[in-house]
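# Fold and contact review
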Amino acid sequence: MNGPDEREVLAAVQSLIDRDRFGARVTVVAGDAVGLDAAVDLDDGVVAGSLPPGVDAGSVLADVAALVQRELPATVAYGPIEVFVEPVTPAPRVVIFGAVHIAQALTDHASLLGYHVTVSDSRALFTTPERFPAADELLVGWPDQVADRLVLDRRTSVVVLSHDARFEDPLWPIVLPTPVRYIGAMGSRRTTESRRRRLSEAGFDPEVVDRIRGPIGIDIGAETPGEVAIAILAEMISAHRRPGEPLELHGEQAPLRRSEPSG
């Protein structure tokens, strides 16, 4: 039977899930205090249970952040103490700017993979439930008009399918400073270079501009809207699963294991 502390941790983990928060359940599996449990919120630290004495909470929090980014469970050693970290991550999101035919196909494909899909366009005539039945959210307005309704966190991909500078230029100051996982923009190589030039002239750092992938999508020879949508989704998945940086933990990664069940 679960004790009061474990019930409190499980309730806190469920709260993380319900509120779309990033965090983890952390359980001691070797060393002193085996079975000690904690729920960690990436922004608020330990929110239920406790960490074992001698284990630095800041190091655990940093390791939770690294494992959350990769969505990887791991056993991590802090000296003689090993803890099993189970990341808690919200459902992935994709925000699509431009209610065009490719957006319709991308919405359908992404929804099948469990993404929360938001479609935004300034044209109410195109941004309708009839055209986007699989979308979770439709936002009508220019980027600065819908900015306060956007969720742009580390689980979000941003797809810009309207390469009209009048729509794009107000968008970039909203998107580029955020920690979103992926940013892709439609357009030819010439359009991409023009975009880079405008952003450079607007004072954006080249490394920040480099976050924008364009021309968008993996080159699979796509021609139809459905094929282009698959190429974009493939690039999104690649960016999500292979962020490119090595996994660095403050503790030492130990063989993946869980504590033995109590008899």
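Quantities reported herein were computed from a predicted structural model and do not represent experimental measurements. (Residues numbered from 1 in each chain as written. Predicted model: local features only at pLDDT ≥ 70, side-chain atom pairs only at ≥ 80, totals over all residues. Heavy atoms only, no water.)

This brings us to the overall build of the protein chain. When its secondary structure is counted, the protein chain shows 9 helices and 12 strands. Structurally, the protein chain occupies a C-alpha span of about 60 × 40 × 35 Å along its principal axes. A fraction of 59% describes how many contacts in the protein chain between residues 6 or more apart in sequence connect residues 24 or more apart. Working note: accessible area of the protein chain is about 13,400 Å², and carbon and sulfur atoms make up 51% of it. The positive charge centre, built from 25 side chains, and the negative charge centre, built from 39, are 5 Å apart in the protein chain. (Helix = DSSP H or I, 4+ residues; strand = E, 2+ residues; numbered from the N terminus. Contact = heavy atoms within 4.5 Å. Areas by Shrake-Rupley, 256 points an atom, 1.4 Å probe, with all protein chains shown as cover. Lys, Arg positive; Asp, Glu negative; His and termini not counted. Charge placed at Lys NZ, Arg CZ, Asp CG, Glu CD.)

Our next topic: empty space enclosed by the protein. Using the criterion set out here, one finds 1 cavity of 30 Å³ or more in the structure. Taken as a whole, the largest cavity encloses approximately 40 Å³ of empty space. Taken together, R93, V95, H116, T118, E137, R149, L150 and V151 make up the full set of residues lining the largest cavity. Within the residue set of the lining of the largest cavity, elements represented by two or more residues are β6 (93–97) and β7 (116–121). (1 Å grid on protein atoms, 1.4 Å probe; cavity = no way out; pocket = protein on both sides within 12 Å on 5 of 7 lines; lining within 4 Å. Points joined across faces, edges and corners; volume = space filled by probe spheres on them.)

The next point concerns helix α7 (residues 189–201). Look at α7: 18 Å from first C-alpha to last across 13 residues, which is about the 18 Å you get at 1.5 Å a residue. Those residues of α7 lying buried are T192, R195 and L199. All buried residues of α7 project into a common sector of 60° when viewed along the axis, lining one side. Seen from the buried face of α7, the exposed residues on the opposite side, beyond 90 degrees, are R190 and E201. Just downstream of α7 lies G203, where phi reads positive at about 100°. (Expected span 1.5 Å × (residues − 1). Buried < 20%, exposed > 50% of the residue type's maximum accessible area, 1.4 Å probe, protein only. Arc of directions from axis to C-beta.)

A few words on the side chain of T118. Along the chain, the position of T118 falls in strand β7. Residue class for T118 comes out buried when judged on its relative accessible area of 4%. A distance of 3.0 Å separates a polar atom in the side chain of T118 from a polar atom in the side chain of E137. Contact partners of T118, with chain neighbours within four places excluded, come to V94, V95, I96, E137 and L139. (Polar contact = N/O pair within 3.5 Å; in protein donor to acceptor, adjacent residues only side chain to side chain.)

Detailed reading of the predicted coordinates is not advisable wherever pLDDT is low. Here the protein chain averages 88 in pLDDT, while 92% of its residues score no lower than 70. When mean pLDDT is taken per element in the protein chain, strand β8 (residues 137–140) scores highest with 97 and strand β12 (residues 252–254) scores lowest with 73. Taken together, the stretch residues 259–263 has pLDDT below 50 and engages in 1 contact with residues farther than four places along the chain or on a different chain. (pLDDT = per-residue confidence, 0-100.)

Here we take up the sheet that holds β6. Ordered by their spatial adjacency, 6 strands build an open sheet running β8-β7-β6-β9-β10-β11, and the pairing between neighbours is parallel. Across the chains shown, the open sheet's two edge strands, defined by having one partner strand only, are β8 and β11 (212–213). Direction of pairing for strand β10 (residues 182–185) relative to β11: parallel, over a ladder of 2 bridges. Across the sheet, residue G184 finds its bridge partner in β11, namely R213. The sheet strands contacting helix α9 (residues 225–241) are β6, β9 (156–160), β10 and β11, and the helix crosses β10 at an angle near 155°. (Pairing = 2+ DSSP bridges. Axes fitted to C-alpha atoms, helices over the stretch in contact; angles between N-to-C directions.)

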